[in-house]
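# Overview (structure and organization)
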Amino acid sequence: MSTSGPWSTPDDVAATLRKRWEKGELLRAWQQPQVHFPLRLPLKKPGPRQLLEQFPQAREWARQWQHEASRGDFSLEWESRNHRQLGRNEIPSAVVFETPEQALGFIRRRRQAERFSACFHALLAAFPELHDWALAYPLTVLEHHDNWPRLRAVMHWLRDNPRPGIYLRQLDIPGVDTKFIEGHRKLLTQLFDRVLPETAIDPNATGASQFERRYGFASKPATVRFRILDAAHTLHGLSDLQIPVHEFNTLNPAIGTVLIVENDITALAFPPVPDTIVIFGQGYGVDRLLGGANWLQDKPIYYWGDIDTHGFAILNQLRSVLPHTRSLLMDAATLNAHQWLIGTEPKPTHHQLPNLTEAEQALYHALRNGDYGEQPRLEQERIPLSALPERFAHPL
């Protein structure tokens, strides 16, 4: 339909219905028609002046709306207009869809709605507690229509075997493999949280990376990688090792000094140093990684990270479990000596860092305040190894 005036067309009404579809409103209405229907959509119609100045166009607009309504997808509400010059005229004022079937048919979504209905009823037959969730996220239900048999099988299995303590790879459910579960973690999290008892869920484990822990599956153990920089202390001739955290916690090697270096290549390039090991840093989470190794409490520890806000935040975190940690080459003198190497930190942090020393706090605030330019960052790997203090710079 085309008119000369800026008045509502069937395409406009269809666009309004599609927006409601995209919000899930029409699928919810499909299940609860008594709540949402009849659905009345007001029309933008000719005003008194437009009716006078564009009467032929307005009459054609009304005639075409009447023709559209004759197809039976909707009914029209009419408004009487009394005009001094034009007399009495009837103008369409609203479109009324009596049922969800009419509205869905108008935008050709009836088949999808029927598919949703089949998924919805099969899901509730197995898990009635998902009723409110399914109505809140009907498009999600529809999107996964082909996967619901497998998703229901996974939910049944875990409800029957809460916190199983096995790897996802060990699940033996017909049609379900590890990749299926890993590819649907976000959806399964929403479902598990609603169908499992509270005792089967660890509320402190959140996010995709904590999926296994949250629901009691075994997960790949965290590991610590380190190099022994003194050949006299290698373990059966091995100097570069990566072992589970729980084994590292009981290691207690006969060394005197521990270095924690954020950049892997720097850790690999570190020269031999008497009575010393270097641990490959892993950024945030270093407190969880090393906090259980009580033998570190008795060792001199040095942390060497980037001179930027996040570098100091990681140092602050490390000191929460190893408060005697000293920073290495993370000072104003190092920054000033390598100013031509300063880059940009993409997203600085602005948290309070109570575990920094007075000098570190001063530099941290200088970085935040722009004293060294906008969002400055001196990456640890840019600093040459020759800048290390003498005790670390010279090989054995």
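Structure's up top.
Residues numbered from 1 in each chain as written. Predicted model: local features only at pLDDT ≥ 70, side-chain atom pairs only at ≥ 80, totals over all residues. Heavy atoms only, no water.

## Quick notes on helix H7 (residues 110–126)
- Between its terminal C-alpha atoms H7 stretches 25 Å, which fits the 24 Å expected from 17 residues at 1.5 Å a residue.
- Within H7, the full set of buried residues consists of Ala113, Phe116, Ser117, Cys119, Phe120, Leu123 and Leu124.
- Against helix H1 (10–22), helix H2 (25–31), helix H6 (100–106), helix H8 (131–136), helix H9 (138–143) and helix H10 (148–160) lie the buried residues of H7. (Helix = DSSP H or I, 4+ residues; strand = E, 2+ residues; numbered from the N terminus. Expected span 1.5 Å × (residues − 1). Buried < 20%, exposed > 50% of the residue type's maximum accessible area, 1.4 Å probe, protein only. Contact = heavy atoms within 4.5 Å.)

## Some details on the sheet that holds strand E5 (residues 240–244)
- Read across the open sheet, the six strands follow the order E5-E4-E7-E6-E8-E9; overall the sheet is mixed. The open sheet terminates on both sides in strands that have one partner only, identified here as E5 and strand E9 (326–327).
- Relative to strand E8 (residues 301–304), strand E6 (residues 257–261) is paired through four bridges, and the arrangement is parallel. When the sheet's bridge partners are listed, Leu259 is paired in E8 with Tyr302.
- Of the strands in this sheet, E6, E8 and E9 are in contact with helix H17 (residues 309–319), which crosses E8 at around 160°. (Pairing = 2+ DSSP bridges. Axes fitted to C-alpha atoms, helices over the stretch in contact; angles between N-to-C directions.)

## A look at unusual backbone geometry
- Look at the link from Phe37 to Pro38: it is a cis peptide, with omega at 5°.
- Along the chain, Pro38 turns up in the loop between helix H3 (33–36) and strand E1 (39–42).
- Residues other than glycine seldom take positive phi values, yet Asp275 does so here, at roughly 60°.
- You can see Asp275 is positioned in the loop between helix H15 (264–269) and strand E7 (276–280).
- Its relative accessible area of 30% is what places Asp275 among the partly exposed residues.

## Brief notes about the side chain of Ser117
- Mapped onto the elements, Ser117 comes out in helix H7.
- A relative accessible area of 15% places Ser117 in the buried class.
- If sequence neighbours within four positions are ignored, Ser117 has contacts with Trp30 and Gln31.

## A few points about the pattern of salt bridges
- Throughout the structure, instances matching the rule amount to 17 salt bridges.
- Between Glu114 and Arg110 there is a salt bridge whose closest N-O contact spans 3.3 Å. Taken as a pair, Glu114 and Arg110 lie in helix H7 at a separation of four residues, close to a single helical turn.
- Judged by its relative accessible area of 40%, Glu114 falls in the partly exposed class.
- By relative accessible area, which is 34% here, Arg110 ends up partly exposed.
- The salt bridge involving Arg377 is made with Asp306; its shortest N-O contact spans 3.3 Å. Here Asp306 lies in the loop between E8 and H17 and Arg377 lies in strand E11 (residues 376–377), a separation of 71 residues in the sequence.
- A residue is classified by how much of its surface remains accessible, and Arg377, at 22% relative accessible area, is partly exposed.
- Here the residues in one salt-bridge network are Asp306, Asp308, Arg377, Glu379 and Arg382, joined through shared partners. (Salt bridge = Lys/Arg side-chain N within 4 Å of Asp/Glu carboxyl O.)

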